[in-house]
Structure formats: C-alpha cells, structure tokens
Amino acid sequence: MTVTLSIRLLTGRFHGTPWNHQVNGGVVECPPSPWRILRAFVSAYYHLAERPPRQQMCQLMTLLAETLPAYHVPPYTTAHTRHYMPLRKEGKETTTKVLDPFLVFGRATTISEDAPEIQVVWETV
C-alpha cells in the first residue's frame, strides 16, 4: 500500500531550518525531512478531539520511520527577509540582525486555491 501526504503551501512559501543549522544561518531545508513530518504527525495526534488508540499511532509512526519517502517538489527559489530586532541588555538598547530564509514556490503572493503542493510518498507502507 502507498501512503501519500500532500503539504499544501497556502502562501507559496516554506520556512524550515535544517537539523544542525542555526535558525539565523540563512539555510532552508527542502524537501522537509522525514523527522520533521513524523514530529508534526505526533503533535497533531495530541491535538485531536478524538484520538485513535495510542498503539495504532505508534505502529503507524514505526512503519513510516522504517522507510524513506520519495518527494515530488515543485520548482522553487530561495529568498529571505532581514530585519533588526531590538535587544535590551544590561539596561542598554541595541539591535541584532535577523534573517528569515524561506523557499518561494511559483508566483504565489497571497493565499491561493491553487497553492503549490509538496508530495511525500511512502511506496511500501
């Protein structure tokens, strides 16, 4: 059986810092790593009004973790914003530069019905 997850990018952007990189380093993870996706599943599970049995969730996570998925990623470009965030340290005010890197898919600039999607496919789960 094949399991497919569609990640719809409503604004046409994806922000995600890769493992072992500093958030202000200007690097974006693409495609989203399996650990990021599985972590999101577990988080969503705990926010469900009616949760399936925990044993089923654990079985699903085990199956998904044992196989690397294939990805279908639409074309994208990298971009970032920079701004200076105020800091107060020892009674003095200064600023620090903050980078916000992200990927831009297509020409989307607002929330769109035809938003691009990243497909994550587990072929043998």
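Thresholds, definitions, all that
- Residues numbered from 1 in each chain as written.
- Predicted model: local features only at pLDDT ≥ 70, side-chain atom pairs only at ≥ 80, totals over all residues.
- Heavy atoms only, no water.
- Helix = DSSP H or I, 4+ residues; strand = E, 2+ residues; numbered from the N terminus.
- Buried < 20%, exposed > 50% of the residue type's maximum accessible area, 1.4 Å probe, protein only.
- Contact = heavy atoms within 4.5 Å.
- Polar contact = N/O pair within 3.5 Å; in protein donor to acceptor, adjacent residues only side chain to side chain.
- Pairing = 2+ DSSP bridges.
- Axes fitted to C-alpha atoms, helices over the stretch in contact; angles between N-to-C directions.

Participant: Just checking my understanding: could you explain unusual backbone geometry for this structure?
Facilitator: Negative phi is the rule for most residues except glycine; trans is the rule for most peptide bonds. The peptide bond linking cysteine 30 to proline 31 adopts the cis configuration, its omega dihedral lying at 0 degrees. The topology assignment puts proline 31 in the loop between strand E2 (13–14) and helix H1 (34–46). Non-glycine residue asparagine 20 carries a positive phi angle of around 70 degrees. With respect to the element layout, asparagine 20 can be found in the loop between E2 and H1. With a phi close to 55 degrees, glutamate 90 is a non-glycine residue in the positive phi region. Note on placement: glutamate 90 falls in the loop between strand E4 (76–89) and strand E5 (92–105). By relative accessible area, which is 78% here, glutamate 90 ends up exposed.

Participant: How should the environment of histidine 15 be read in this particular structure?
Facilitator: Topologically, histidine 15 is positioned in the loop between E2 and H1. With 89 residues separating them along the chain, histidine 15 and valine 104 place their C-alpha atoms 9.3 Å apart. With near-sequence residues (within four places) excluded, histidine 15 lies in contact with Asp100, Pro101 and Phe102. Among the polar contacts listed, one links the side chain of histidine 15 to the side chain of aspartate 100, at a separation of 3.1 Å.

Participant: I'm lost on the sheet that holds strand E1 (residues 3–8) in this one. Help?
Facilitator: Strand pairing in a sheet relies on backbone hydrogen bonds, with the paired strands running either antiparallel or parallel. Reading across the sheet, the three strands line up as E1-E6-E3 and stay open at both edges, with antiparallel pairing between neighbours. Each having just a single partner strand, E1 and strand E3 (70–72) make up the two edges of the open sheet. In this sheet, neighbouring strand axes are inclined to one another by 20 degrees on average, regardless of whether the strands run parallel or antiparallel. Here E3 runs beside strand E6 (residues 117–122); their pairing, made up of three bridges, is antiparallel. Each residue of the ladder has a partner; that of tyrosine 71, found in E6, is valine 120.

Participant: It is not clear to me how the sheet that holds E4 should be interpreted in this structure. Could you clarify?
Facilitator: Taken in spatial order, the three strands line up as E2-E5-E4 in an open sheet, and their pairing is antiparallel. Unpaired on one side and paired on the other, E2 and E4 mark the two borders of the sheet. Here E4 runs beside E5; their pairing, made up of 14 bridges, is antiparallel. In the sheet register, tyrosine 76 faces E5, and the bridge partner there is phenylalanine 105.

Participant: Got a minute to help me understand the side chain of glutamate 29 in this structure?
Facilitator: Looking at the element boundaries, glutamate 29 is found in the loop between E2 and H1. Taking the relative accessible area as the measure of exposure, glutamate 29 reaches 9% and is therefore buried. With residues up to four places along the chain from it excluded, the contact list for glutamate 29 reads Phe14, Gly16, Thr17, Pro18, Trp19, Trp35, Arg36 and Leu103.

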